[in-house]
Amino acid sequence: MYVIAGLGNPGRRYEATRHNMGFDVVDVLVDRHKIPQGGIKSDAMYGKGRIGAEPVVLLKPLLYMNLSGRPIRAMCDYYKIDPEEELIVLYDDIDLEPGQIRIRKKGSAGGHNGMKDIIRHLGTQAFTRVKIGVGAKPPGWDLADYVLSRFPSAQRKAVDEAIERAADAVEMILRDGADAAMNQYNRKV
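Residues numbered from 1 in each chain as written. Predicted model: local features only at pLDDT ≥ 70, side-chain atom pairs only at ≥ 80, totals over all residues. Heavy atoms only, no water.

Here we look at the sheet that holds strand β4 (residues 54–61)
Taking strand neighbours across the sheet as the criterion, the seven strands line up as β2-β3-β4-β1-β5-β7-β6 in an open arrangement whose pairing is mixed. A single partner strand is all that each edge strand has here, and the edge strands are β2 (39–41) and β6 (101–104). Averaged over all pairs of adjacent strands, the angle between strand axes in this sheet comes to 25°, irrespective of strand direction. Relative to β4, strand β1 (residues 2–6) runs parallel, the two sharing four bridges. Considered in β4, the bridge of V3 is made with V57. Packing against the sheet, helix α1 (residues 21–33) makes contact with β1, β3 (44–51), β4, β5 (87–93) and β7 (128–133), and its axis sits at approximately 140° to β4. Helix α2 (residues 69–78) contacts β1, β2, β3, β4 and β5 of the sheet and is inclined by roughly 155° relative to β4. (Pairing = 2+ DSSP bridges. Helix = DSSP H or I, 4+ residues; strand = E, 2+ residues; numbered from the N terminus. Axes fitted to C-alpha atoms, helices over the stretch in contact; angles between N-to-C directions. Contact = heavy atoms within 4.5 Å.)

Some thoughts on the pairing of β5
Looking along a regular strand, one sees side chains alternate from face to face of the sheet. Across the seven residues of β5, seven count as buried, placing the element largely inside the fold. Both β5 and β7 contribute to a ladder of six bridges, which runs parallel. For V89, the partnering residue across the bridge sits in β7 and is R129. (Buried < 20%, exposed > 50% of the residue type's maximum accessible area, 1.4 Å probe, protein only.)

Details of the nonpolar core
I4 and I88 are the most contacted members of the largest nonpolar core, which has 33 residues in total. When contributions to this core are tallied by element, the ones reaching two or more residues are β1, α1, β4, β5, β6, β7, α6 (153–176) and α7 (178–185). Leaving out residues up to four positions away in the same chain, I4 has contacts with L29, I51, V56, V57, L58, L59, I88, L90, V170 and L174. M75, Y79, M115 and I119 belong to the second-largest nonpolar core, a separate cluster that totals 22 residues. (Core = buried A, V, L, I, M, F, W, Y, C linked by side-chain atoms within 4.5 Å.)

Dropping the structure here:
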């Protein structure tokens, strides 16, 4: 069984913002695979189902981004999964251009506060992650204001395509492994 966690902030105010890319990918996977959502456990909304042959739990932490670690750790503990082998985290990355995705099997938080909290709660940096590019903040912008803003319409098509590709990448990770998915998706678009 895999736990697939999309990072974001709860509430309508944050829908379609740069910081909610992980939530957006979970929504695509929920729709594609008809996985029921709405269960609440350990400060996360979740649903159980299958993606291909693999049983999965799709979840969205209901605490704000910077507090994502505790709900993810609680779900990993509850379902008795090894985060280093059976956790996939989906989140926004300002170091990637809008439309780009990148898969890694381990690594630092890279300045992302949600990832810092997850690493702190799990006690490891070795878990699979799919990063979705949102682009660097423009000069003079506050980082928090930037990641909580929405994309301009000129970038929306590329971003929507990246969300779909990130969902495709998750499916490939489950089917063929992270290395195969990295070879397929860690390319410039």
